[in-house]
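# Structural overview
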Amino acid sequence: MVRKIRTAAVIGSGVMGGGIAALLASAGVKTLLLDIVPFDLTDDEKNVPAARNRIVSAGLATLVKSRPPLLMHPGDADLITIGNMEDDFDKLKACDWIIEVVVENLKIKQALFQRIEPLKKPGAIVSSNTSGIPLRKMTEGLGTEFKQHFLGTHFFNPVRYMKLLEIIPGEETLPEILAFIADFGERILGKGIVWAKDTPNFVGNRIGVHGIVKAMQLMVEDGLTIPEVDALFGPALGRPKTAMFKTTDLVGLDTMGHVAGNTYDLVPDDEQREAFQVPEFIHRMIEKKYLGKKAKSGFYKTDLTPEWKKVRKVIQVDTLEYAEYGAPDFPCLAEAKKAKTLPEKMKAVLYGDDRGARFAWKAMAWALIYAANRVPEISDTIVEIDNAMKWGYNFEMGPFETWEALGLRQSVEKMTADGMPVPEKIRKMLDAGHETFYRTVEGKKYYYDFASGDFKPMAVSGNIITLAALKSSGKTIDSCKSASLVDLGDGVFCCEFHSKMNAINAEIVDFIGGALDYVNDNGVGLVIGNQAGGMPGAFSAGGDLFYMAGLAQAGKYEEIDAFLKKAQDGLQRARYAAFPVVAAPFGLALGGGCEVCLAADRIVAHAELYMGLVEIGVGLLPAGGGCTNLWKKFIAAIPEAVTAADLPTFFLPVFQAIAMAKVSSSAADARSIGLLGPGDRIVFSRDHLIGEAKKEVLRMVDEGYAPPVKRKIPVAGQAAQGMVHAELFNLQSGGFVSEYDVFLARRIAYVISGGDVKKDTVVEEDLLLKLERDAFVDFWKQEKTAARVAHMLKTGKPLRN
């Protein structure tokens, strides 16, 4: 039998249930979303379907309106059907996967599963999203068939954006069911799978909440402030900018407190059980409903002055009053700012000697010790713990990767000197001469296994290609500071950017030309992609504004034009190469990064794609072929048999995409904008992206790839310009756009429409490219563009002038 998930059900339409339903629908799965009938219906309402579905309707409305969006595209909501658990429960018979996301109450879950068991079709999978109730207790009294198809699937919130999916096998779950859900979760839903054991709060929350609560306890003991702790446990230690307390505000203090209390109750033998006792001031905050962002006040809050100025405040742990705060200042943080790599930053903070450094060391050391002691209790390997913290808490490094970065032997010596109980397994590891938790040999990564006392190969899906592993095994063909050419095998190569934010600079422009030459002589196709870290990460955040600004300030406009010509020639050469070129964007693909994609034969995009031609934000326009290639992408969809297409109709969305600097909220949204075409693909797993792009190249080769023929391009001409000018006049009159916005937009319309030509004129591609370059250079000569660029480089934010 070939198992498929055609229809899924999510029972519980709250924040988590709605998020799971949204993800399933976005992945193309028909989803039934159920919730209870309200308890407070009047007699008149008891027979009214809308009233009986009031709770689930509110849940659906919340997920549709959610910001940031939970759905990849608003239209995905059409795949979600709602109902209630009395009138629509029988619909579960048709479902292939039923996910329980109801309140964390054992008796309620048991009663629900007892109702589901006689109803579900044979072989249907049932899973629980519980975060703390043991699976074995939930299935007590249920039959073998149910237990064989039952497991835990613990998503993290917000479901769309958090990569972690913990899979918890039940005592009788069939191996093939576990393998199927793991593959579906990774490949179809794009999640990173962590195998957890049926222990309290599994892996991510067991380690994560321990670290947060222990740090809170130490903060009170050492007399630090909340902003000081967040400054220390932020980016300097490879943690998100939200650090500890702002993260807890996002999650909710009540949720954090519940998880901590639940863990404390269920782990009587845990050597650090007391680390799950939240400080007294947290209890008082929860009593006062200072629950975080959802209550508009938690550890932090934002007030507005009578002048509408935002004032950010933090709670004082002794009085629970809010006060303004400034940026904390510790010598260790100043040293960390000077460091270039994350390990160097970590060492600067944790091996420092000021008050902040001493606190950070204690909190981190206890967290590392705790993580080591949880193997094999909560997971069999260190890999699961590291991945859980990276994918569920957005750490750049997991606990064991962090420990290795600090220097295992040096850190253990410091722990010993401080009287901390270093786990015996760590001492044995050092005695055996092993001072790292990971190693790479011939491109394969290995992890240290405490049970065997040796290194074991990390399990990697055959669909995943890791550029770092290929490079470490000698597969780099050519490299410079900003880019590399890597052999992916089977005659396919990858042009990888690795400049700051993968911005397109002169070095990358030159490198692309060399990469095309090499592939032309030695390969069958090229992938343009990289595996930059971060959330969402940057395929390429645009062009190198510093370089351009320097040329403009020096009045070297001919050099700007020459650079643009070289960039255009390189990308158009890729467009017409004798072999397929596939772009594999993810995360930020802005400005020049978007132009690289538009020049490719095909795009294989990660679902989380924030793509757009945003140059107008700094007073410029796309001039690396972006205007030309976006226009071509739109009109390429017109069949040749249509000889009287209304080009201004196609022109308007192209103009809006550029003049309004539209950025997609997902790959699906990029398709609706027109940045992705019908032949481009969307992949939910970023880990699979390079591998899928390689497959696309080989598929195109197998189909007998022939390069596109360079032809003249029909344009919308002056008719389209007139249409835009009238609308711009109305917008300026209404105060919606500035005079300079209008100046820029009119020139952009002139470029896209082909200049001073009539509607339906066919022009040479080179004419459109030259119009791009001329406008770009002219814009640089404007003081207001220079001001926009300077403001962006200084603040990272656009200037409207």
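Up top is the structure.
Below is a short write-up of the structure. (Residues numbered from 1 in each chain as written. Predicted model: local features only at pLDDT ≥ 70, side-chain atom pairs only at ≥ 80, totals over all residues. Heavy atoms only, no water.)

## Topic: the overall build of the protein chain
- The helix and strand tally for the protein chain stands at 32 helices and 26 strands.
- Since a compact globule built from 801 residues should have a radius of gyration of about 28 Å, the 28 Å found for the protein chain is in line with a globular shape.
- If one aligns the C-alpha atoms of the protein chain with their principal axes, the spans along those axes are about 80 × 70 × 65 Å.
- Out of the 801 residues in the protein chain, the part that is buried amounts to 54%.
- Taking the intrachain contacts of the protein chain between residues at least 6 apart in sequence as the baseline, contacts between residues at least 24 apart amount to 69%.
- Entry remark: accessible area of the protein chain is about 34,600 Å², with carbon and sulfur atoms responsible for 53%.
- Within the protein chain, one finds 94 positive and 100 negative side-chain charges whose respective centroids are separated by 2 Å. (Helix = DSSP H or I, 4+ residues; strand = E, 2+ residues; numbered from the N terminus. Rg over C-alpha atoms; globule rule 2.2 N^0.38 Å. Buried < 20%, exposed > 50% of the residue type's maximum accessible area, 1.4 Å probe, protein only. Contact = heavy atoms within 4.5 Å. Areas by Shrake-Rupley, 256 points an atom, 1.4 Å probe, with all protein chains shown as cover. Lys, Arg positive; Asp, Glu negative; His and termini not counted. Charge placed at Lys NZ, Arg CZ, Asp CG, Glu CD.)

## Let's talk about the sheet that holds strand β9 (residues 300-304)
- Here we have three strands laid out as an open sheet, ordered β9-β10-β11, and antiparallel in their pairing. Strand pairing shows two members of the sheet lacking a second neighbour, β9 and β11 (322-324), which therefore form its edges. Sheet twist, expressed as the mean angle between neighbouring strand axes with direction ignored, is 45 degrees.
- In this sheet, strand β10 (residues 310-315) lies alongside β9 in antiparallel orientation, the contact comprising five bridges. The residue of β10 that forms the bridge with lysine 301 is lysine 313. (Pairing = 2+ DSSP bridges. Axes fitted to C-alpha atoms, helices over the stretch in contact; angles between N-to-C directions.)

## A word on the packing of aromatic side chains
- All chains considered together, the criterion is met by 27 aromatic pairs.
- Considering the side-chain rings of tryptophan 97 and phenylalanine 184, the 5.9 Å spacing of their centres and the 90 degrees angle between planes classify their relative orientation as edge-to-face. One end of the pair, tryptophan 97, is in strand β4 (residues 97-100); the other, phenylalanine 184, is in helix α7 (residues 175-188), and 87 residues separate them in sequence. Exposure class is identical for tryptophan 97 and phenylalanine 184. Each is buried.
- Taken together, the ring pairs in this structure connect Phe400, Trp403, Phe437, Tyr448, Phe450 and Phe455 into an aromatic cluster.
- The side chain of lysine 301 reaches across the aromatic face of tyrosine 322, ending 5.0 Å from its centre.
- Between the NZ or CZ atom of lysine 445 and the centre of the ring of tyrosine 438, over which it lies, the distance is 5.0 Å. (Phe/Tyr/Trp six-rings, centres within 6.5 Å; stacked < 30°, edge-to-face > 60°. Lys NZ or Arg CZ within 6 Å of the ring centre and 35° of its normal.)

## Thoughts on the side chain of glutamate 696
- Relative to the helices and strands, glutamate 696 is located in helix α28 (residues 689-702).
- Filtering out sequence-adjacent residues up to four positions away, glutamate 696 remains in contact with Val582, Arg602, Val604 and Arg681.

## Some details on the nonpolar core
- Formed by 112 residues in total, the largest nonpolar core has its most connected members in Leu92, Ile116, Phe299, Val349 and Phe437.
- Broken down by element, this core gets its largest block of residues, twelve residues, from helix α15 (residues 355-373).
- Cys627, Met700, Trp780 and Val789 belong to the second-largest nonpolar core, a separate cluster that totals 110 residues. (Core = buried A, V, L, I, M, F, W, Y, C linked by side-chain atoms within 4.5 Å.)

## Observations regarding the pattern of salt bridges
- For the coordinates displayed, the defined rule picks out 52 salt bridges.
- In this structure, arginine 284 and glutamate 280 form a salt bridge, with 3.0 Å as the shortest nitrogen-oxygen distance. With arginine 284 and glutamate 280 both in helix α12 (residues 280-287) and four residues apart, the pair spans about one turn of that helix.
- Relative accessible area serves as the criterion here: at 25%, arginine 284 is assigned to the partly exposed category.
- Take glutamate 280: its relative accessible area is 49%, and that puts it in the partly exposed class.
- The salt bridge involving lysine 633 is made with aspartate 680; its shortest N-O contact spans 3.1 Å. (Salt bridge = Lys/Arg side-chain N within 4 Å of Asp/Glu carboxyl O.)

## A few points about a positive patch on the surface
- Taken together, the side chains of Lys246, Lys310, Arg312 and Lys797 define a basic patch exposed on the protein surface.
- Its place among the elements puts arginine 312 in strand β10. (Patch = residues over 30% accessible without salt bridge, like charges linked within 9 Å, V, L, I, M, F, W, Y side chains within 5 Å.)

## Examining the environment of glutamine 114
- Tracing the backbone shows glutamine 114 in helix α4 (residues 106-116).
- The exposure class of glutamine 114 is partly exposed, given its relative accessible area of 46%.
- Expressed as a C-alpha distance, the spacing of glutamine 114 and glutamate 140, which sit 26 residues apart in the sequence, is 9.6 Å.

## Some thoughts on unusual backbone geometry
- Between asparagine 157 and the following residue, proline 158, the backbone shows a cis peptide bond with an omega angle of 0 degrees.
- Of note, proline 158 is situated in the loop between β6 (150-155) and β7 (164-169).
- The omega torsion across methionine 535 and proline 536 is 10 degrees, close enough to zero to call that bond cis.
- For proline 536, the position within the fold is in the loop between β18 (525-528) and β19 (538-540).
- Non-glycine residue phenylalanine 202 carries a positive phi angle of around 55 degrees.
- Position of phenylalanine 202 relative to the elements: it lies in the loop between β8 (192-195) and α8 (204-222).
- In this structure, lysine 296 is a non-glycine residue whose phi angle is positive, near 65 degrees.
- Here lysine 296 shows up in the loop between α12 and β9.

## Some details on the sheet that holds strand β13 (residues 444-449)
- Pairing is antiparallel across the open sheet formed by three strands, whose spatial order is β12-β13-β14. At either end of the open sheet lies a strand with only one pairing partner, and these are β12 (438-441) and β14 (454-457). For this sheet, the mean inter-axis angle between neighbouring strands, taken without regard to orientation, is 40 degrees.

Interpretation in functional terms is not warranted from these geometric data alone.
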